Amino acid sequence: MSCVDKFVDQIIKADNDYQEMDRVYLYNRICALVGDNNHLEADDTKEALIKTAIQNKKIEDSQTAKEILNDQLMDFVTPLPSRVNHKFWNLYQKNPTDAIKYFYQMSQDNDYIKVKAIAKNISYQVATDYGNLEITINLSKPEKDPKAIAAAGKTKQTGYPKCQLCLENEGYLGRLGYPARSNHRVIRFTLGGETWGFQYSPYAYFKEHAIFLNTTHKPMIINQHTFNNLIEIIKIFPNYFVGSNADLPIVGGSMLSHDHYQGGRHTFPMMKAPIDRQIEIDVDGVSAGIVKWPLSTIRLTSKDPEELVKAATLIHQHWMNYSDESVDIRSHSGEIRHHTVTPIAYRQDENYVMDIVLRDNQTSAKYPDGIFHPHKDVQHIKKENIGLIEVMGRAILPARLKTELKEVERYLLDQPNQMAQYHKTWADQLKQKYEFTTDNVEKIVDKETGLVFNRVLEDAGVFKWNTQGQAAFDKFIRSLQ
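Definitions and cut-offs
- Residues numbered from 1 in each chain as written.
- Predicted model: local features only at pLDDT ≥ 70, side-chain atom pairs only at ≥ 80, totals over all residues.
- Heavy atoms only, no water.
- UniProt positions renumbered as here; feature names shortened; annotations may be inferred.
- Pairing = 2+ DSSP bridges.
- Helix = DSSP H or I, 4+ residues; strand = E, 2+ residues; numbered from the N terminus.
- Axes fitted to C-alpha atoms, helices over the stretch in contact; angles between N-to-C directions.
- Phe/Tyr/Trp six-rings, centres within 6.5 Å; stacked < 30°, edge-to-face > 60°.
- Buried < 20%, exposed > 50% of the residue type's maximum accessible area, 1.4 Å probe, protein only.
- Lys NZ or Arg CZ within 6 Å of the ring centre and 35° of its normal.
- Contact = heavy atoms within 4.5 Å.
- Salt bridge = Lys/Arg side-chain N within 4 Å of Asp/Glu carboxyl O.
- Core = buried A, V, L, I, M, F, W, Y, C linked by side-chain atoms within 4.5 Å.

- Naming follows an unreviewed UniProt entry, where the chain appears as Galactose-1-phosphate uridylyltransferase of Companilactobacillus paralimentarius DSM 13238 = JCM 10415.
- The Catalytic activity (unreviewed entry) field of the UniProt record for the chain holds the comment "alpha-D-galactose 1-phosphate + UDP-alpha-D-glucose = alpha-D-glucose 1-phosphate + UDP-alpha-D-galactose".

Have a look at this one:
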């Protein structure tokens, strides 16, 4: 049986809109994409079809062309958006968990979630004073296509879709420098009087990594409406947490131009962190405490979601204009705002919980990248923004570290190496601290990489875990009354 015939079988067997009567039609549609049928062998039928298309000169042998064809082929096994939404909400009426399970499984089966690529990521835990931090080196996202980079300056940008979070990505073919989305599907739901979308992240950073996006392209903003939305999402999507990146540069995420949240089925280190001390919040039915966590976090807990939103709003509004120059905290420079929060909501039995992380995006002559941002001495490991996922204790470290840290290990063993110069100060410190052998070097480097990430998070904390910092935190709490 040819690879086209095999793939047509897969399409007809899939839970989509095609039946046996559509076999000839499907055969011809696949041949139109890949060229003449043949019996090429590959690990899977789809790979054989892509090889066939290259052999028949239907596509170039480039990363972009292969991704576009891959998603076009997988679109055949994916139901139409209307059918996906119809089935999701029909299942939801009986059991919300079954609806979520259906959509998650479909998003894996149709290769929208890049399961094979995600499996390449390096992941482990490191014990710290704040509990176990989760360290990942992100190897799932493919390197940028050299042809796409070269063409970027020559290609006229259409401005459609406006960004990678827009609803208009659903079914989008893709182009040089912009991802293919033919097999992409979005669940619509109502949130705060607006239409929102629920989808999964193609290159998930944790289990069931979901994205909740406004179907209107507009900038992110943190306010009372945000806190209400987060609470509504954890009502609609049971067993999921949800949080928002901060809405300012440096301390925010990479997509501030489109209002969205992230969530999923994962218990992050911060969510396991204990309360260091209880505090008083002047809102009925809400208990509050300062979390033992490197970033300055106030945990609010209540059975009443409305009161919880009220308490979150109180903290947020007060922080927006709060300054304490004794610890370098300034809410504004003239008209420029520096303060915001990173909020995270989740359920604990009958309680609603919201963690409010205080953020400040100032820069200074001493810290031009950010006073509360990874400082220069840890940027050899992590220099990017500390967004929502990392705030909660899961490091998303760059792919370069996979090879760079191997060179560090060779340096530590006094073997020939090509270690990057920016790792040298750190590596020399490690040489002073340990006796390295071929048996222990990898384990120690992994551990010490995690401890650098621990320092990264401490740099991002506005009230440090020392006598001065915690006294300043208590002063802020008193000012809330």
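**Topic: the sheet that holds strand S15 (residues 394–397)**
Part 1 of the reasoning: The strand order S1-S2-S15 describes an open sheet built from three strands, whose pairing is mixed. Each end of this open sheet is capped by a strand with a single partner; those strands are strand S1 (122–128) and S15. Sheet twist, expressed as the mean angle between neighbouring strand axes with direction ignored, is 25 degrees.
Part 2 of the reasoning: Bridge count for S1 against strand S2 (residues 131–137) is seven bridges, and the pairing is antiparallel. Bridged to Tyr124 within S2 is Ile135.

**What to know about the packing of aromatic side chains**
Any aromatic ring pair is given by two values, namely how distant the centres are and how the planes are angled relative to each other.
Part 1 of the reasoning: Tallying each qualifying case throughout the model produces 29 aromatic pairs.
Part 2 of the reasoning: A centroid spacing of 5.4 Å and a plane angle of 80 degrees characterise the contact between Phe189 and Phe237, whose relative ring orientation is edge-to-face. With Phe189 in strand S3 (residues 187–191) and Phe237 in the loop between helix H9 (224–236) and strand S6 (241–243), this residue pair connects regions lying 48 residues apart in the sequence. Just as Phe189 is buried, Phe237 falls in that class too.
Part 3 of the reasoning: The interplanar angle of 85 degrees and the centroid separation of 5.5 Å between the aromatic rings of Trp319 and Phe476 together place this pair among those described as edge-to-face. Here the residue Trp319 occupies a position in helix H11 (residues 305–319), and Phe476 occupies one in helix H16 (residues 467–479), the gap between them amounting to 157 residues. Summarising the burial analysis for this pair, Trp319 and Phe476 share the class buried.
Part 4 of the reasoning: Between the NZ or CZ atom of Lys431 and the centre of the ring of Tyr411, over which it lies, the distance is 4.2 Å.

**Regarding the sheet that holds S3**
Hydrogen bonds between backbone atoms are what pair the strands of a sheet, whose relative direction is either parallel or antiparallel.
Part 1 of the reasoning: Pairing in this open sheet of ten strands is antiparallel, and the strands run S3-S4-S5-S7-S6-S13-S14-S10-S9-S8 from one edge to the other. Among the strands making up the open sheet, the edge pair consists of S3 and strand S8 (275–279). Looking at each pair of strands side by side, their axes are set apart by 25 degrees on average, direction ignored.
Part 2 of the reasoning: Judged from the two bridges that link them, S6 and strand S13 (residues 339–348) form a sheet pairing that is antiparallel. When the sheet's bridge partners are listed, Val242 is paired in S13 with Ala345.
Part 3 of the reasoning: In the packing of helix H6 (residues 96–109) onto the sheet, the strands contacted are S3 and strand S4 (194–200), and the crossing angle to S4 comes to about 55 degrees.

**Let's talk about the environment of Met419**
Part 1 of the reasoning: Among the structural elements, Met419 can be located in the loop between helix H13 (400–412) and helix H14 (424–433).
Part 2 of the reasoning: On the basis of relative accessibility, which here comes to 13%, the residue Met419 falls in the buried class.
Part 3 of the reasoning: Placed 16 residues apart in sequence, Met419 and Thr403 show a C-alpha to C-alpha distance of 9.3 Å.
Part 4 of the reasoning: Apart from the residues within four sequence positions on either side, Met419 is in contact with Glu407, Val408, Tyr411, Lys424 and Ala427.

**Some details on the pattern of salt bridges**
Part 1 of the reasoning: Following the criterion strictly, the structure yields 36 salt bridges and no others.
Part 2 of the reasoning: Between Glu384 and Lys382 there is a salt bridge, and its shortest N-O distance comes to 3.5 Å.
Part 3 of the reasoning: Residue classification places Lys382 among the buried residues on the basis of a relative accessible area of 4%.

**Focus on the UniProt feature "domain: Galactose-1-phosphate uridyl transferase C-terminal" (unreviewed entry) in the chain**
Part 1 of the reasoning: Within this structure's numbering, the places UniProt gives as "domain: Galactose-1-phosphate uridyl transferase C-terminal" (unreviewed entry) are residues 235–427.
Part 2 of the reasoning: Secondary structure content for residues 235–427 is 22% helix and 27% strand, and the end C-alpha separation is 48 Å.

**Quick look at the nonpolar core**
Part 1 of the reasoning: Of all hydrophobic cores here, the largest spans 62 residues; its most connected members are Phe198, Phe212, Phe237, Leu300, Leu358, Phe463 and Phe476.
Part 2 of the reasoning: Contacts of Leu300, omitting those with residues within four sequence positions, involve Ile281, Val286, Ser287, Ala288, Leu308, Ala311, Ala312, Ile315, Tyr352, Val353, Met354 and Ile356.
Part 3 of the reasoning: In terms of nonpolar packing, the next biggest core, distinct from the first, is built from 49 residues, Leu139, Phe241, Leu397 and Ala460 among them.

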